Amino acid sequence: LTVRSHESLLVLGANGSGKTSAMLVLAGVYKPTKGERVVNEARFGYVFQNPEDQILETTCGAELRVGPRLLDWRLEDTERFMLAGLHMVGVREDYPTLDLHPLRIRMLACVGATANATIVIFDEPTVEMDSTGITWFVDLVNRLTSQGLGVVIVTHDTRIMPIASRAVVMSR
């Protein structure tokens, strides 16, 4: 499986076909049981199927600072990333993450995963999204690919098929 910069790759398949497991291997979370994983200087961001499980902080601003802080970014770059992310999600810096609507939690996780990534993997990102959420997600993917990132989307949602550069169908 090759993921290129400036492209959005859809990964489709039936439940249980290994889509999520394959993406976790690609991102380096799991080691492959067969074959090998070859990565050419890619840095991965990953948004899990249940993004509320990956929220670490109590406010939106603090949450968007997590990645840059772990990556040892300069303070001004961290603040720029955080402010841009707050704007994209449409929340205030001090807004409690526990009070976020599920759509906003997903949006916050999506933005946070882009810190320093060259490839971002979204696992079922449009679950429970209405048309407003779908539009927001499509805009995010278009923004990321226009900035040179590769985007992988594990999905069953045919509403986002038009943004795909390519699609891979997995089977058991």
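The structure contained in this document is the topic of the report that follows.

Analysis parameters
Residues numbered from 1 in each chain as written. Predicted model: local features only at pLDDT ≥ 70, side-chain atom pairs only at ≥ 80, totals over all residues. Heavy atoms only, no water. Helix = DSSP H or I, 4+ residues; strand = E, 2+ residues; numbered from the N terminus. Buried < 20%, exposed > 50% of the residue type's maximum accessible area, 1.4 Å probe, protein only. Contact = heavy atoms within 4.5 Å. Salt bridge = Lys/Arg side-chain N within 4 Å of Asp/Glu carboxyl O. Pairing = 2+ DSSP bridges. Axes fitted to C-alpha atoms, helices over the stretch in contact; angles between N-to-C directions.

**Here's the deal with the overall build of the protein**
- Counting its regular elements, the protein contains 5 helices and 5 strands.
- Its helices and strands in sequence order give the protein the pattern β-α-β-α-α-α-β-α-β-β, from N to C terminus.
- In terms of its C-alpha atoms, the protein occupies a principal-axis envelope of roughly 45 × 35 × 30 Å.
- Buried positions account for 47% of the 172 residues belonging to the protein.
- Long-range contacts, defined as pairs at least 24 residues apart, comprise 70% of the intrachain contacts of the protein with a sequence gap of at least 6.

**Description of the pattern of salt bridges**
- Following the criterion strictly, the structure yields 10 salt bridges and no others.
- The salt bridge involving Glu57 is made with Arg69; its shortest N-O contact spans 3.4 Å. With a gap of 12 residues between them, Glu57 in the loop between β2 (44-47) and α2 (60-70) and Arg69 in helix α2 connect regions that are remote in the sequence.
- For Glu57, a relative accessible area of 25% puts it in the partly exposed group.
- The exposure class assigned to Arg69 is partly exposed, which follows from its relative accessible area of 49%.
- Residue Arg80 is joined to Asp77 by a salt bridge in which the shortest nitrogen-to-oxygen separation is 2.8 Å. Here Arg80 and its partner Asp77 are both found in helix α3 (residues 75-89), 3 residues apart, which amounts to about one turn of the helix.
- With a relative accessible area of 53%, Arg80 lands in the exposed category.

**Examining the sheet that holds β2**
- Here we have 5 strands laid out as an open sheet, ordered β2-β3-β4-β1-β5, and parallel in their pairing. Edge positions in the sheet fall to β2 and β5 (166-170), since each of these pairs with one other strand and no more. If you compare each strand with its neighbour and ignore which way they point, the axes differ by 15° on average.
- As paired elements, β2 and strand β3 (residues 119-123) share 4 bridges and run parallel to each other. Residue Gly45 lies in a different strand from β3, and its bridge partner there is Val120.
- Most of the contacts of helix α5 (residues 131-146) go to strand β4 (residues 150-154), to which it runs at about 150°, and overall it touches β1 (8-13), β3 and β4.

Purely geometric stuff here, so don't read any function into it on its own.
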